[in-house]
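One letter stands for each residue in the lines below.
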Amino acid sequence: MKTIFYSTVVIVMTLFTSCSSLAQNTVDTNKNNYVVLTKKVPQLEPIILTAEALKEEDGSNFGQFEVIICGREIGDITDSSKMNDFIERAENAGVQLVACGFSLNKFKVDKTKVPKEMKTVENGILYNLQLQKKGYKSLSL
């Protein structure tokens, strides 16, 4: 009788331990994470305004907000007169600006001139899809 009781206790504890470790591997559904894929630097204006509004609306549920810049006009990110204001506003809003490495290579943009505040990924489209798999809400412009 004692053996059955102890075996049952061990099985129940094993089940609870397994369930709690599974719960730790899931995406935090209390945070709203966002990613926007854009081809034009001027679109950063409305994107950052949107991030600011969502940050206020979401409150403590606001998670990550990333903007991936790719395409033919990727070279515009090296123009400090176009980017400095956007970089400052993005940092204040909690927005991570990301440059697509594939676009940088294809359109022969000097990578040393990419602002140091920006993250560069190998493939912006792939990175976007990977974030979506993690539960990010995505928009492409």
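Report on the accompanying structure. Not measured: the values here are computed from a predicted model. (Residues numbered from 1 in each chain as written. Predicted model: local features only at pLDDT ≥ 70, side-chain atom pairs only at ≥ 80, totals over all residues. Heavy atoms only, no water.)

You will see that Lys108, though not glycine, has its phi angle at about 50°, which is positive. Along the chain, Lys108 turns up in the loop between α4 (101-106) and β4 (119-121). (Helix = DSSP H or I, 4+ residues; strand = E, 2+ residues; numbered from the N terminus.)

In this model, helix α2 (residues 44-58) (15 residues) spans 20 Å end to end at C-alpha, consistent with the 21 Å of a helix rising 1.5 Å per residue. Taken as a whole, α2 has its buried residues at Leu44, Ile47, Ile48, Ala51, Leu54 and Asp58. Taken around the axis of α2, the buried residues stretch over an arc of 120°, which confines them to a single face. With respect to the buried face of α2, the exposed residues turned more than 90 degrees away are Glu56 and Glu57. Residues of α2 that are buried sit in contact with β1 (32-38), β2 (62-69), α3 (80-93) and β3 (95-100). Directly after α2, the chain includes Gly59, whose backbone phi takes a positive value near 60°. (Expected span 1.5 Å × (residues − 1). Buried < 20%, exposed > 50% of the residue type's maximum accessible area, 1.4 Å probe, protein only. Arc of directions from axis to C-beta. Contact = heavy atoms within 4.5 Å.)

All right, on to the side chain of Thr38 then. Position of Thr38 relative to the elements: it lies in strand β1. Reaching out from Thr38, the side chain makes a polar contact with the backbone nitrogen of Lys40 at a distance of 3.3 Å. Excluding anything up to four places from it in sequence, Thr38 contacts Gln43, Ile47, Val67, Ile68, Ile69, Cys70 and Leu141. (Polar contact = N/O pair within 3.5 Å; in protein donor to acceptor, adjacent residues only side chain to side chain.)

Next up on the list: the packing of α2 against α3. It is at 10 Å that the axes of α2 and α3 come closest, and there the two elements cross at 15°. The pairing of α2 with α3 is recorded here as roughly parallel in orientation. When the axes of α2 and α3 are compared, the crossing they make is left-handed. The residues of α3 that touch α2, namely those facing Leu44, Glu45, Ile48, Leu49, Glu52 and Lys55, are Met83, Phe86, Arg89, Ala90, Asn92 and Ala93. Residues belonging to the contact of α2 with α3 are distributed by class as follows: 7 nonpolar, 1 polar and 4 charged. (Axes fitted to C-alpha atoms, helices over the stretch in contact; angles between N-to-C directions. Parallel < 35°, antiparallel > 145°, perpendicular 65-115°, else oblique. Left-handed = near helix turned anticlockwise from the far one by under 90°. Nonpolar A, V, L, I, M, F, W, Y, C, P; charged D, E, K, R; others polar.)

So, on to the pattern of salt bridges. Going through the model one piece at a time under the given rule, you end up with 5 salt bridges. Glu73 serves as the salt-bridge partner of Lys40, at 3.2 Å between the closest nitrogen and oxygen. Residue Lys40 is found in the loop between β1 and α2, and its partner Glu73 is found in the loop between β2 and α3; the two are separated by 33 residues along the sequence. Judged by relative accessible area, which is 39%, Lys40 ranks as partly exposed. A relative accessible area of 32% means that Glu73 is categorised as partly exposed. With a closest N to O distance of 3.4 Å, Asp76 and Lys82 form a salt bridge. (Salt bridge = Lys/Arg side-chain N within 4 Å of Asp/Glu carboxyl O.)

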